[in-house]
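Letter by letter, the chains look like this.
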Amino acid sequence: MINYLSTATTEQIASRLGAAATVAVLTHSKPDGDAMGSVLGLVRALRARSVDAHGFLVGPIDPNLLALARQGEVVLHAPGTAPRETELVVVVDTGAWSQVEPLGAWLKERADRVIGIDHHARGDDLAPMRLVDVTAASATQVLLAVIDSLGVPLEYGADAERRFSIAEALFAGLAADTGWFRFSSADERVFHVAGRLLGAGVNKQRLVQQLEENERPTRLAATGLALQSIRWLASGSVVMMRLSYADIVAASARPEDLGGIVNVPLVVGSVSMSILLTEAEPGITKISFRSKPLNCGRPSFDVNKIAATFGGGGHVQAAGARILAGIDVASAQVEDAVHAAIGGSARAPASAG
Ligand SMILES: [Mn+2]
């Protein structure tokens with residue numbers, strides 16, 4: 001890890017991008033709504049400036065998210081293949097080498113032409129030229145300033161039948177990373193940005209239906225198994241759930257069926273932190289952390305710090321990590337980390353809560 005700060009201004013990054021003939025836009029593997037929105041927003045903005053731009057995604061990717069892309073906007077990575085050579089490569093919504101596998105070596109060889117646009121607090125030297133704004137709720141919020149600097153209208157890309165505009169892509173990222181404007185990161189600036197995007201023609205209802213009300217029945221089967229596994233820690237303020245490899249097979253669940261299950265226990269008043277362990281393949285356990293402030297005014301646990309103890313990261317209220325161990329071993333390690341964190345060290349400062 002390095003001192004992960006901007007090394008260039010918005011204007012410098014916009015002018016370098018606008019002058020390029022060809023650009024590939026990458027993001028972290030298993031793209032989420034912000035990653036996808038950032039890729040599509042930038043690809044559309046560069047195409048509006050007549051730059052030959054495309055997105056390059058390392059899956060798996062939720063088909064509901066993929067459906068936001070127009071034909072030809074993104075290329076999906078196939079094992080053993082590399083992105084097409086381009087003059088510049090932009091990596092959005094991450095700056096961590098661990099998040100861009102299997103393209104780490106490919107990116108390192110091209111470091112002189114890699115640009116980063118991100119909003120995470122931690123990252124590596126993946127992109128020597130980068131724009132990082134940790135006060136932004138989403139990478140699309142950081143990207144908005146770059147697009148404004150490119151001088152491209154946010155309405156660009158909309159058509160009569162369906163809206164595929166830049167604004168729609170940016171809104172999808174903002175909504176995804178703020179839990180549809182519920183997390184503490186959804187501050188006054190976020191609502192200003194959201195208002196501007198709606199003013200540029202975003203069809204919010206269509207996005208809600210596409211992204212939030214479009215799951216498969218197997219999603220409920222997996223949710224049911226996770227809820228049955230609940231363990232209550234720390235006097236009921238922390239919930240731990242698990243989906244073993246056998247559970248996932250039993251539910252016929254695909255990776256995209258599992259996103260968001262970790263949020264379900266937060267509906268309980270006494271729960272301030274929810275953790276889901278998922279053994280998507282035997283011997284590898286993914287951990288998702290979520291937290292929320294309690295009614296009594298107690299601020300959120302900083303789950304980013306807990307995730308960091310496992311080499312992961314994210315934000316104060318949403319973070320993730322991976323443990324190279326089966327779910328029983330991983331579960332014991334996470335429980336130890338939670339007990340250590342509740343000692344006080346992982347609590348967010350009041351100003352960040
Ligand atoms: Mn993000």
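Residues numbered from 1 in each chain as written. Predicted model: local features only at pLDDT ≥ 70, side-chain atom pairs only at ≥ 80, totals over all residues. Heavy atoms only, no water.

1. Concerning unusual backbone geometry
Backbone geometry follows two general trends: most residues other than glycine have a negative phi, and most peptide bonds adopt the trans configuration. Along the chain, G59 connects to P60 via a cis peptide bond; the corresponding omega equals 5°. Residue position: P60 is located in the loop between β2 (52–57) and α3 (63–66). The omega torsion of the bond from E101 to P102 falls at 10°, within 30 degrees of zero and hence cis. Considering the arrangement of structural elements, one finds P102 in the loop between β4 (88–92) and α4 (104–108). (Helix = DSSP H or I, 4+ residues; strand = E, 2+ residues; numbered from the N terminus.)

2. Comments concerning a nonpolar patch on the surface
Taken together, the side chains of W232, V267 and V268 present a nonpolar region at the surface, about 320 Å² in accessible area. Counting through the fold element by element, V267 comes out in the loop between α10 (245–250) and β9 (273–281). (Patch = residues over 30% accessible without salt bridge, like charges linked within 9 Å, V, L, I, M, F, W, Y side chains within 5 Å. Areas by Shrake-Rupley, 256 points an atom, 1.4 Å probe, with all protein chains shown as cover. Salt bridge = Lys/Arg side-chain N within 4 Å of Asp/Glu carboxyl O.)

3. Considering the domain arrangement of the protein chain
By a widespread convention, an interface's size corresponds to the accessible area lost as its parts come together. The domain boundaries assigned to the protein chain delineate domain 1 (10–212) and domain 2 (217–352). A straight line from the C-alpha centre of domain 1 to that of domain 2 covers 26 Å. Counting from both sides, the interface comprises ten residues of domain 1 and, opposite them, seven residues of domain 2. When domain 1 packs against domain 2, the two sides together hide about 830 Å² of surface, and 54% of this comes from carbon and sulfur. Broken down residue by residue, the surface that domain 1 buries against domain 2 is led by R122, F183 and S184, which jointly contribute 45%. Joining domain 1 to domain 2, the criterion identifies zero salt bridges. Classifying every residue of the side of domain 1 that touches domain 2 gives three nonpolar, four polar and three charged. (Domains from an automatic or database assignment. Contact = heavy atoms within 4.5 Å. Buried area = accessible area lost by both parts, 1.4 Å probe. Nonpolar A, V, L, I, M, F, W, Y, C, P; charged D, E, K, R; others polar.)

4. A few points about the sheet that holds strand β1 (residues 22–27)
Taken in spatial order, the six strands make up an open sheet running β3-β2-β1-β4-β5-β6, and their pairing is parallel. Edge positions in the sheet fall to β3 (74–76) and β6 (129–132), since each of these pairs with one other strand and no more. When the angles between neighbouring strand axes are averaged without regard to direction, this sheet yields 20°. Sheet analysis places β4 next to strand β5 (residues 114–118), joined by four bridges and oriented parallel. For V91, the partnering residue across the bridge sits in β5 and is G116. Sitting on the sheet, helix α2 (residues 33–48) is in contact with β1, β2, β3, β4 and β5, with an inclination near 165° to β2. (Pairing = 2+ DSSP bridges. Axes fitted to C-alpha atoms, helices over the stretch in contact; angles between N-to-C directions.)

5. Details of the coordination of the manganese ion
The coordination sphere of the manganese ion contains the protein donors D34 (OD), D93 (OD), H119 (NE2) and D177 (OD), at a distance range of 2.1 to 2.3 Å. Written as a sequence motif, the donor residues of the manganese ion are D-x58-D-x25-H-x57-D. With a gap of 26 residues between them, D93 in the loop between β4 and α4 and H119 in the loop between β5 and β6 connect regions that are remote in the sequence. For the residue pair D93 and H119, the accessibility class agrees, reading buried in each case. (Donors = N, O, S within 2.8 Å, 3.2 Å for Na, K, Ca; no water. Buried < 20%, exposed > 50% of the residue type's maximum accessible area, 1.4 Å probe, protein only.)

6. Digging into the packing of aromatic side chains
On inspection of all chains with the given rule, the structure shows four aromatic pairs. Between W180 and F181, the ring centres sit 6.5 Å apart and the planes meet at 80°, which makes this aromatic pair edge-to-face. Residue classification places F181 among the buried positions, given a relative accessible area of 17%. Ring-pair connections join several aromatic residues into one group, and the members of that group are F171, W180, F181 and F191. The side chain of K108 reaches across the aromatic face of W97, ending 4.2 Å from its centre. The ring of F164 carries the charged tip of R206 above its face, separated from the ring centre by 5.5 Å. (Phe/Tyr/Trp six-rings, centres within 6.5 Å; stacked < 30°, edge-to-face > 60°. Lys NZ or Arg CZ within 6 Å of the ring centre and 35° of its normal.)

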